[in-house]
Amino acid sequence: MKGLDLSPQAPLIVLFTDFGLEGPYTGQVKAALWRIAPIVPVIDLFADAPAQRPREAAYLLAAYVDAMPAGSVFLCVVDPTVGSERPAVAARIDGRWFVGPGNGLFEPLLRRASTARTFFIHSGPEPVSASFHGRDLFAPAAAHLAKGGDVGECGLVEGKIPRFLDWPDDLPVIVYVDVYGNLMTGLRACIIPDDAVLVVAGRRLVRARTFSDVPLGAAFWYENANGLAEVAVNRGRADRLFERGVGDEVQIISAKS
């Protein structure tokens, strides 16, 4: 198809899923990728994206895209309605491919994009299970794209995929809890005034640059390495201190309030 900048081979296939690393699911997806694109490296970005929460996962995904090379193919699966009438989609956004369910997972990316084209994925001759589109539908499409295949050969047809325009530009909700108990929000730190206060579980938190700028055991918020506002405790766990997790709300208020 004319107008698409497809390199002969993608530098990476990037996995963003809620499958976890236990059990067979991530391994089966990787095997499906290997059968078609065996020499394209596969990176596990998130195997623990917000489970069955495509909205929270969408804002998390958007924060991590720019760290991956141009031309990368993202295989993204957070798909609680797999097998339903929700479409299978792909998008070419600012020089990267994104493949996954049409449930809003790419909405923040599309909204912030400089250039974007969207496609529906149609299954090929191989059978597709009702409950594992990550392996049977999305992985083959992503692998063919990673090899530089023509969009038609990859089962893609250009069209207007579902949009979720009622979603906010930034999400004032916890979207991820990392291994240290830090609480990532769906808020880009750049939209929050430096002197603003984040309220979590009724507690007001001021901004700090990094952990060592506050006393041991002190809670604060900061801009994490990928641009999100994150709640943390110096040498402690914010998830336990606040008893909060994915889906819980945070508030931005003026320091003078």
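Basis of the calculations
Every chain begins its residue count from 1, and numbering advances along the sequence as written. Local features in this predicted model are restricted to residues of pLDDT 70 or higher, and side-chain atom pairs are both shown and tallied only at a pLDDT of 80 or more, whereas totals for entire chains, interfaces and linings draw on every residue. Only hydrogens and water are set aside when side-chain values are computed; all heavy atoms of the structure are taken into account. Strands are runs of DSSP state E lasting at least two residues, helices are runs of H or I lasting at least four, and both sets are numbered from the N terminus onward. Just to be clear, the radius of gyration here is over C-alpha atoms, and the globule rule we use is 2.2 Å times residues to the power 0.38. We call a residue buried when its accessible area falls under 20% of the maximum for its residue type, exposed when it is over 50%, and partly exposed in between, using a 1.4 Å probe and counting protein chains only. Criterion for a salt bridge: a side-chain nitrogen of Lys or Arg within 4 Å of a carboxyl oxygen of Asp or Glu. By the convention used here, strands pair only if DSSP detects at least 2 bridges between them. Orient the strands so they point away from the viewer, and a crossover whose first-strand-to-second-strand path over the helix runs clockwise is right-handed. Only the stretch in contact is used when a helix axis is fitted, and all axes are lines through C-alpha atoms; the angle between N-to-C directions ranges over 0 to 180 degrees. The contact criterion used throughout is that any non-hydrogen atoms of two residues lie within 4.5 Å. We call two N or O atoms a polar contact when they sit within 3.5 Å, provided that within protein one can donate a hydrogen and the other can accept it, with sequence-adjacent residues counted only if both atoms are side-chain atoms.

Observations concerning the overall build of the chain
Along the chain, the regular secondary structure elements total 5 helices and 14 strands. Taking 257 residues into account, the globule formula puts the C-alpha radius of gyration at 18 Å, and the chain, at 19 Å, falls close to it. Oriented by its inertia axes, the alpha-carbon framework of the chain measures out at about 60 × 40 × 30 Å. Buried positions account for 50% of the 257 residues belonging to the chain.

Observations regarding the pattern of salt bridges
Summed over all chains, the structure comprises 16 salt bridges. Taking the shortest distance from any N to any O, the salt bridge between Glu-56 and Arg-53 comes out at 3.2 Å. Overall, the relative accessible area of 5% leaves Glu-56 in the buried class. The partly exposed category is assigned to Arg-53, whose relative accessible area is 34%. The shortest N-O distance in the salt bridge between Arg-163 and Glu-107 comes to 2.8 Å. Of this pair, Arg-163 sits in the loop between strand 7 (156–158) and strand 8 (171–177) while Glu-107 is found in helix 3 (residues 107–112), placing the two residues 56 residues apart along the sequence. Residue classification places Arg-163 among the partly exposed positions, given a relative accessible area of 39%. Glu-107 gets classed as buried once you look at its relative accessible area, which sits at 2%. Among the ionic contacts, a cluster of salt bridges with common partners joins Glu-107, Arg-111, Arg-163 and Asp-169.

Here's the deal with the pairing of strand 2 (residues 42–46)
In this sheet, strand 2 lies alongside strand 1 (residues 13–17) in parallel orientation, the contact comprising 4 bridges. Paired with Val-14 across the bridge in strand 2 is Ile-43. The parallel pair strand 1 and strand 2 is bridged by helix 1 (residues 25–36), and the resulting crossover is right-handed.

Some remarks on the sheet that holds strand 5 (residues 96–101)
Strand pairs in the sheet, formed through backbone hydrogen bonds, run parallel or antiparallel to each other. Strand order in this open sheet of 7 strands is 2-1-3-5-4-6-7, and the pairing throughout is mixed. The open sheet terminates on both sides in strands that have one partner only, identified here as strand 2 and strand 7. Taken pair by pair, the neighbouring strands of this sheet meet at an average axis angle of 25°, ignoring direction. Where strand 1 meets strand 3 (residues 73–77), 5 bridges bridge the pair, whose relative direction is parallel. Opposite Ile-13, over in strand 3, you have Val-73 as the bridge partner. Along the sheet, helix 1 makes contact with strand 1, strand 2 and strand 3, crossing strand 1 at roughly 155°.

Section: the sheet that holds strand 12 (residues 219–223)
Taken in spatial order, the 4 strands of this open sheet run 8-9-13-12, and their pairing is antiparallel. Where the open sheet ends on each side, the last strands, each with one partner, are strand 8 and strand 12. Sheet twist, expressed as the mean angle between neighbouring strand axes with direction ignored, is 30°. Relative to strand 13 (residues 228–233), strand 9 (residues 183–188) runs antiparallel, the two being bridged by 3 bridges. Within strand 13, the residue paired with Met-184 across the bridge is Glu-230.

Description of the side chain of Asn-182
You can see Asn-182 is positioned in the loop between strand 8 and strand 9. A residue is classified by how much of its surface remains accessible, and Asn-182, at 4% relative accessible area, is buried. For Asn-182, the side chain forms a polar contact with the side chain of Glu-230, separated by 3.4 Å. Beyond its immediate sequence surroundings of up to four residues, Asn-182 is in contact with Tyr-176, Val-177, Phe-211, Tyr-222, Glu-230, Val-231, Ala-232 and Val-233.

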